[in-house]
Amino acid sequence: MSNTLISFKKELKAIFRDKKFLSIILLMPLIIPGFIIMFGGLYDSMLESDGFEIGVNYEMAAEEKAIFESTFKDITFVNKTEEELKEDFDNKEIQAYITKNEDTYILNVDTTESTGMQLREMIGSCYTQYNQYLGTTYVVENGLDPEKAYNSVKMEVNELNAQGQDYFSNFIISFALIYLVMIVTITAMNTSTDLIAGEKERGTFETILTFPLKSTEIIGGKLLAIVFSCVVSSLIGICTSIPAFMYIKKHSETFANLNLTIDVKTILLAIVTLILISTMVGVISLFLTGRAKTFKEAQSKTSFLSFLSLIPMFANLMNVSNEVLYIIPVANGGTVLNDLFLKGISLMKRKILFLHWICVKYKHLTVSWLLQQVEILNKTTVLVLMRRKSHS
């Protein structure tokens, strides 16, 4: 164990002496808070506008216009015939126009653009309110009780597996967690590539094999150095992301409902998960780079790992079941963190047996990969000693 720690310290010094890899470990996590703040401003800018010009071919009622003006911060109505409104719309002079045929209101809008989608939702909401106003007016004029007419049925929503977050908050938290796993993966890839393939190219790998260290101790030291680098990188990402989340909660209207309350159990489980992800990616990276002869070859062999870390993001867009992602290496790390922060610990308890099966499988793979690494190092050591003996 002491020799493994000696090897670990040696690898750690090599990592922190290299400015390139030190910048990856320390600077890459800062991209996460940058993206969080950028998304906060981006979503707010989508909701803001310099003003809307909406065309109508009828005389709007006072209450109808008041509802629109309370919904839109800045709106101007253009009253023309339907043909003139269509021409103005084609010339981009108005963003949408509404035509009325008896009691039917027809909204004409281009929903292929983000502005059109926004107008469809907002104008639809205005007419829902206006319809309720007309209904209430009719009920009162006929001497009926509006409370009995409209509130005969009451409904309450119990949000299951949701920690008080809305869609936008869930999205940005999920994005930050997935990117955190990607940073861990990239850190492990680059560190293992330098510690194995980089040393082979520099000619220092053979020198290490002449030290009075066992192959398992050399591998153990390198693996500990990789895991340590990944944990440091992920902790920097977490510590810098918290102020970014607090900033958008305070200054962004879109993320005003962002829930930042996290209990101690969730934090501890997240740290354990990150350590396990770092160990798993470190083992896979060591296995792949150990068989590479050059630095570039090692990089090409490990490049697919970064794509695996992005699978949960695409899976969320396609509504793929999380259980499927739990069997995919690297991708399951982001899935666990997403379930942990967005769906709560109770969901994790229901997956304990399933996760146990996955962990057993990974244990067998890890042992087999480490044994292959030991075998490679032992053969290399013998060759080095024989070469030196022949020279002497």
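Looking at the overall build of the protein chain
Then, number 1: Along the protein chain, the regular secondary structure elements total 18 helices and four strands.
Then, number 2: For the protein chain, the residues scored as buried account for 41% of the 392 residues in total.
Then, number 3: Here the contacts in the protein chain between residues at least 6 apart in sequence split such that 71% fall between residues at least 24 apart.

Brief notes about the nonpolar core
Then, number 1: If you look at the biggest cluster of nonpolar residues, it comprises 56 residues, and the most contacted ones within it are Ile-36, Ile-172 and Phe-245.
Then, number 2: Breaking this core down by element, the ones donating at least two residues are helix H1 (2-17), helix H2 (19-27), helix H3 (31-47), helix H8 (167-202), helix H10 (215-251), helix H11 (264-290), helix H13 (304-308) and helix H16 (331-342).
Then, number 3: The dominant element in this core, judged by the number of residues it contributes, is H8, at 16 residues.
Then, number 4: With residues near it in sequence (within four places) discarded, Ile-172 still touches Ile-36, Phe-39, Phe-245, Ile-248 and Phe-255.
Then, number 5: Within the second largest apolar cluster, 17 residues are counted, among which are Tyr-58, Phe-77, Ile-98 and Tyr-130.

A word on the packing of aromatic side chains
Then, number 1: The tally for this structure, following the rule as stated, stands at 13 aromatic pairs.
Then, number 2: A ring pair is formed by Tyr-58 and Tyr-105, whose centres lie 5.5 Å apart and whose planes are at 70°; its orientation type is edge-to-face. With Tyr-58 in the loop between strand E1 (52-56) and helix H4 (62-71) and Tyr-105 in strand E4 (residues 104-109), this residue pair connects regions lying 47 residues apart in the sequence.
Then, number 3: Using a relative accessible area of 26% as the deciding quantity, one classes Tyr-105 as partly exposed.
Then, number 4: Through a chain of ring-to-ring contacts, three or more aromatic side chains come together here, namely Phe-52, Tyr-58, Phe-68, Phe-72, Phe-77, Tyr-105 and Tyr-127.

Quick word on the packing of H11 against helix H12 (residues 295-302)
Then, number 1: For the pair H11 and H12, the least separation of the axes is 9 Å and the interaxial angle reads 135°. Relative to H12, the element H11 is oriented oblique. Taken as a pair, H11 and H12 cross one another with a handedness that is right-handed. Packed against H11, whose contacting residues are Ser-285, Leu-288 and Thr-289, the element H12 presents Ala-298, Lys-301 and Thr-302 at the interface.
Then, number 2: By residue class, the composition of the contact of H11 with H12 is two nonpolar, three polar and one charged.

Here we look at the sheet that holds strand E2 (residues 75-79)
Then, number 1: Taken together, four strands build an open sheet; the order of strands is E2-E1-E3-E4 and the sheet is mixed. Among the strands making up the open sheet, the edge pair consists of E2 and E4. Sheet twist, expressed as the mean angle between neighbouring strand axes with direction ignored, is 25°.
Then, number 2: In this sheet, E4 lies alongside strand E3 (residues 96-101) in antiparallel orientation, the contact comprising six bridges. Bridge pairing links Tyr-97 to Asn-108 in E4.
Then, number 3: The sheet contacts of H4 involve E2, E3 and E4, and relative to E2 the element is tilted by about 140°.

A short note on a nonpolar patch on the surface
Then, number 1: A contiguous nonpolar patch, built from Ile-262, Val-264, Ile-267, Leu-268, Ile-271 and Ile-275 and spanning about 500 Å² of accessible area, is present on the exposed surface.
Then, number 2: Topologically, Ile-267 is positioned in helix H11.

Details of the side chain of Thr-302
Then, number 1: Relative to the helices and strands, Thr-302 resides in helix H12.
Then, number 2: Setting aside chain neighbours within four positions, we find Thr-302 in contact with Met-189, Thr-193, Ser-285, Leu-288 and Thr-289.

Observations regarding the pattern of salt bridges
Then, number 1: One pass over the structure, following the stated rule, counts four salt bridges.
Then, number 2: In this structure, Asp-88 engages Lys-80 in a salt bridge whose closest nitrogen and oxygen atoms are separated by 2.8 Å.
Then, number 3: Taking relative accessible area as the criterion, Lys-80 reaches 31% and is therefore assigned partly exposed.

As for the confidence of the model for the protein chain
Then, number 1: Summarising the model, the protein chain shows a mean pLDDT of 76, and 74% of its residues fall at 70 or more.
Then, number 2: In the predicted structure, residues 381-385 sits below a pLDDT of 50 and forms four contacts with residues beyond four places in sequence or in another chain.

Criteria and thresholds
Residues numbered from 1 in each chain as written. Predicted model: local features only at pLDDT ≥ 70, side-chain atom pairs only at ≥ 80, totals over all residues. Heavy atoms only, no water. Helix = DSSP H or I, 4+ residues; strand = E, 2+ residues; numbered from the N terminus. Buried < 20%, exposed > 50% of the residue type's maximum accessible area, 1.4 Å probe, protein only. Contact = heavy atoms within 4.5 Å. Core = buried A, V, L, I, M, F, W, Y, C linked by side-chain atoms within 4.5 Å. Phe/Tyr/Trp six-rings, centres within 6.5 Å; stacked < 30°, edge-to-face > 60°. Axes fitted to C-alpha atoms, helices over the stretch in contact; angles between N-to-C directions. Parallel < 35°, antiparallel > 145°, perpendicular 65-115°, else oblique. Left-handed = near helix turned anticlockwise from the far one by under 90°. Nonpolar A, V, L, I, M, F, W, Y, C, P; charged D, E, K, R; others polar. Pairing = 2+ DSSP bridges. Patch = residues over 30% accessible without salt bridge, like charges linked within 9 Å, V, L, I, M, F, W, Y side chains within 5 Å. Areas by Shrake-Rupley, 256 points an atom, 1.4 Å probe, with all protein chains shown as cover. Salt bridge = Lys/Arg side-chain N within 4 Å of Asp/Glu carboxyl O. pLDDT = per-residue confidence, 0-100.

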